[in-house]
Amino acid sequence: MIEAENVRYSYPNKVEALKGVSITIQDGEFVAIMGQNGAGKSTLVKHFNGLLKPARGTVRVNGAETTKCSVAALSRNVGFVFQNPDHQLFSETVEEEIGFALKNFGFKTEIIEERITWALNLLSLTEYRKTSPFLLSGGERKRVALASVLAWDPQTLILDEPTIGQDHEQKEKLRQFILQLQTQKKTVVTVTHDVEFVAECNPRVVLMKEGKIMADGEGKKILTDPALLEMSSIVLPQIAQVFAKLSILGLPKDIIDLYEAKDILMKTRERSRS
Amino acid sequence: MVIIEIKNLTYTYPGASKPSIDDVSIKIEKGEFVLITGPSGCGKTTLCRTFNGLVPHFYQGELKGEISVSGIETLQHHTYEMAKHVGLVFQNPENQLFALSIEKDVAFGLENNGVPREEMRRKVDWALNQTGIYDIRERSPHEISGGQQQRVAIASVLAMQPEIIVLDEPTSFLDPLSAEKIFEVIYRLNKEQGITVVLVEHRLDLTAKYTDHLIVMDKGKVRFEGDPRQILSSEETRLMGVGIPKATLLFQMLKKNGFNLAEKTPLSSEELANQLLEALSPK
């Protein structure tokens, strides 16, 4: 469980990035943190693995205050995948990159081998096992960064913009994998601008603006509220845009799912014919 | 008039075991808005790097085939010579900005080319106006938002008045509203100034509506090329893992279920909503 209470944080250049943020995330939750550039999203999640410590207020991870723990101790439980993979990758081969943290955490050689194979397979990277991460495309490097964190199986996973540079198939795999993690009671917190990805997952959505939380609730409710989204520089998902325009026909507005949309429209058509 | 012509291009990065571009031939007409998409690692970024000669002059490696851009064979010319004709904008603007003020960043390319002061002033102001950042021109590029930074990167390229702008996922670090505004700036430059645009994108939900020429790549090859409405409604494209816009998908699902809609495949929510309103409104 992650508990942040009235967290304030300023960067050395005096910009106050968090102005009193309180949020509780339970084990097994999937939370998407959204909002415009500079809203404080990345700053907030960096508090969840102790990379940043609050100037005022407290952050507790599984009951322990982050100011009293090292990043090394916290990261065994909280894995962080950065927005830009180049801030994270440094090894000569993809395999070494994924094995690095496992070695540091003191896993046995056979287990390391097993976990590397598992992670490579999961993220469609097996053919690049012996390749240098720097020869890979942007989207592939992003997956190497993700694989290297997933490999040690942290209880909580923090994904900063995980869908950047990913094609539709990789996004779908990521979505399936997150659903699977939820069945194992693992926590996933993602910072993302990708409204279509969030619409497909329908997680809990937290909207931030200027260092504060503006709204917190079910994805379907928040992503279909045009006024709220506009304040956060977010556009409606495409299906919600269609239903916003159809509302003059008396159709519901809070629709983000493709299949639900199809069913409603087919029924409306039946009714308009009879 | 053909402005980019690539013939039988095959290219392998140094140390790579297989080619990133595998026997690709394409023709792009002057004034087109071309969208290139395809699964991650399909060779789209590499292809863009050939347009101004970064591939192979900077990246080295092994290249076969012909590349002609604005009538110039890129293999026989330096990358800096190409800068007058082709401007490249990358994913992350931070990697591209370095000067102390936005204005200086935008003027950099012109200064380097020894453009006279008066002309430089005019071109820089024009580029700043086109991208809507004239009012913040004296600020540092490092204290502005990501959306504004990407506008600075586009302005820097525009100031050179290239005939072609190539943008490689230019908005992936931006919030959706800033992204939309950037796409609108690019679209306007294409329509009003006639600049040829080559845009690399995965997110067709945001961009399919702007294009008239879609190129779908996979494993280093061009798999589909042509009318986006036709390509995006084909089952094959969807199965390749291309992210079909939700409005296009919904349209197809409805048609499959016997919902009678117009022939024209929609590429945006507006187009689909209009068709649905037409079909569902009481007569």
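Residues numbered from 1 in each chain as written. Chains lettered and ligands numbered in written order. Predicted model: local features only at pLDDT ≥ 70, side-chain atom pairs only at ≥ 80, totals over all residues.

A. Up close: the overall build of chain B. When helices and strands are tallied, chain B shows 12 helices and 10 strands. Its C-alpha atoms give chain B a radius of gyration of 20 Å, within 12% of the compact-globule value 19 Å for 283 residues. Dimensions of chain B, computed from the C-alpha atoms along their principal axes, are close to 65 × 45 × 35 Å. Taken across its 283 residues, chain B has 51% of its residues classed as buried. In chain B, the proportion of contacts linking residues at least 24 apart, taken out of those at least 6 apart, comes to 65%. (Helix = DSSP H or I, 4+ residues; strand = E, 2+ residues; numbered from the N terminus. Rg over C-alpha atoms; globule rule 2.2 N^0.38 Å. Buried ≥ 20, exposed ≤ 12 C-beta atoms within 10 Å, placed from the backbone. Contact = placed C-beta atoms within 7 Å.)

B. Inspection of the overall build of chain A at higher detail. Across its full length, chain A carries 11 helices and 10 strands. Scaling as 2.2 N^0.38, a compact globule of 274 residues should have a C-alpha radius of gyration of about 19 Å, and chain A matches this with 20 Å. In terms of its C-alpha atoms, chain A occupies a principal-axis envelope of roughly 70 × 45 × 30 Å. For chain A, the residues scored as buried account for 48% of the 274 residues in total. Within chain A, counting contacts between residues at least 6 apart in sequence, those at least 24 apart form 62% of the total.

C. Up close: the sheet that holds strand β7 (residues 164-168) of chain B. Residues and elements named next belong to chain B. Judged by pairing direction, the sheet is mixed, and its six strands sit side by side in the order β6-β7-β8-β3-β9-β10 without closing on themselves. In this open sheet, the two strands that pair with only one neighbour each are β6 (86-89) and β10 (221-226). Pairwise comparison of adjacent strand axes, ignoring direction, gives a mean angle of 15° for this sheet. Direction of pairing for strand β3 (residues 33-37) relative to strand β8 (residues 196-200): parallel, over a ladder of four bridges. Along β8, the bridge assignment pairs Ile36 with Val200. Helix α1 (residues 44-51) rests against β3, β6, β7, β8 and β9 (213-218) of the sheet, and its axis sits at about 155° to β7. (Pairing = 2+ DSSP bridges. Axes fitted to C-alpha atoms, helices over the stretch in contact; angles between N-to-C directions.)

D. Quick peek at the domain arrangement of chain A. Residues and elements named next belong to chain A. As far as domains go, chain A holds domain 1 (2-229) and domain 2 (237-274). Relative to domain 2, the C-alpha centre of domain 1 lies at a distance of 34 Å. If you look at the interface, domain 1 gives nine residues, while domain 2 gives eight residues. For the side of domain 1 that touches domain 2, the secondary-structure elements that each account for two or more residues are α7 (195-201) and α8 (219-222). In terms of residue count, the dominant contributor to the side of domain 1 that touches domain 2 is α7 (three residues). (Domains from an automatic or database assignment.)

E. Structural detail: the packing of helix α10 (residues 238-246) of chain A against helix α11 (residues 246-256) of chain B. Viewed as axis vectors pointing N to C, α10 of chain A and α11 of chain B meet at an angle of 70°, and their least axial separation amounts to 8 Å. On the basis of their axis angle, the class for α10 of chain A and α11 of chain B is roughly perpendicular. When α10 of chain A is examined against α11 of chain B, the residues Gln238, Ile239 and Val242 of chain A are found in contact with a partner set consisting of Lys246, Ala247 and Leu250 of chain B. Residue composition of the contact of α10 of chain A with α11 of chain B, grouped by class: four nonpolar, one polar and one charged. (Parallel < 35°, antiparallel > 145°, perpendicular 65-115°, else oblique. Nonpolar A, V, L, I, M, F, W, Y, C, P; charged D, E, K, R; others polar.)

F. A look at the interface of chain A and chain B. Counting residues at the interface gives 37 residues for chain A and 40 residues for chain B. Sorting the residues of the side of chain A that touches chain B by element identifies α5 (138-150), α6 (168-183), α7, α10 and α11 (258-273) of chain A as the ones contributing at least two each. At eight residues, α11 of chain A tops the list of elements feeding residues into the side of chain A that touches chain B. Among the residues making up the side of chain A that touches chain B, the classes are represented as 13 nonpolar, 17 polar and seven charged.

G. Representation of the pairing of strand β4 (residues 62-69) of chain B. Residues and elements named next belong to chain B. When strand β1 (residues 2-12) meets β4, the two strands line up antiparallel, connected through seven bridges. Looking at the pairing, Thr10 lines up with Lys64 of β4. As judged from the two bridges shared by β4 and strand β5 (residues 72-73), these two strands associate in the antiparallel manner. Counterpart to Val69 in the pairing with β5 is Ile72. Hairpin connection from β4 to β5: two residues lie between these consecutive antiparallel strands, with Ser70 at a positive phi of about 50°.

H. Local environment of the nonpolar core. Ranked by internal contacts, the top residues of the largest apolar core, which has 154 residues, are Ile33 and Ala147 of chain A. In this structure, Ala147 of chain A is in contact with Ile98, Ala119, Leu120, Leu123 and Leu125 of chain A, ignoring residues within four places of it in sequence. (Core = buried A, V, L, I, M, F, W, Y, C linked by C-beta atoms within 7 Å.)

I. Layout of the pairing of strand β7 (residues 156-160) of chain A. Residues and elements named next belong to chain A. Of all five residues in β7, five are buried; the element is thus mostly enclosed. Side chains Thr156, Ile158 and Asp160 project from β7 onto one buried face, and the interleaved Leu157 and Leu159 project onto a second face that is buried too. Pairing between β7 and strand β8 (residues 187-191): five bridges, direction parallel. In the strand pairing of β8, Leu157 is matched with Val188.

J. Spatial organisation of the sheet that holds strand β10 (residues 212-218) of chain A. Residues and elements named next belong to chain A. Strands sit in the order β6-β7-β8-β3-β9-β10 across an open sheet of six strands; the sheet is mixed. Because the sheet does not close on itself, it has two edges, and the strands there are β6 (78-81) and β10. Across this sheet, the average inter-strand angle for adjacent strands is 15°, counted without regard to direction. In the packing of α5 onto the sheet, contacts are made with β6 and β7, and the angle to β6 comes to roughly 175°.

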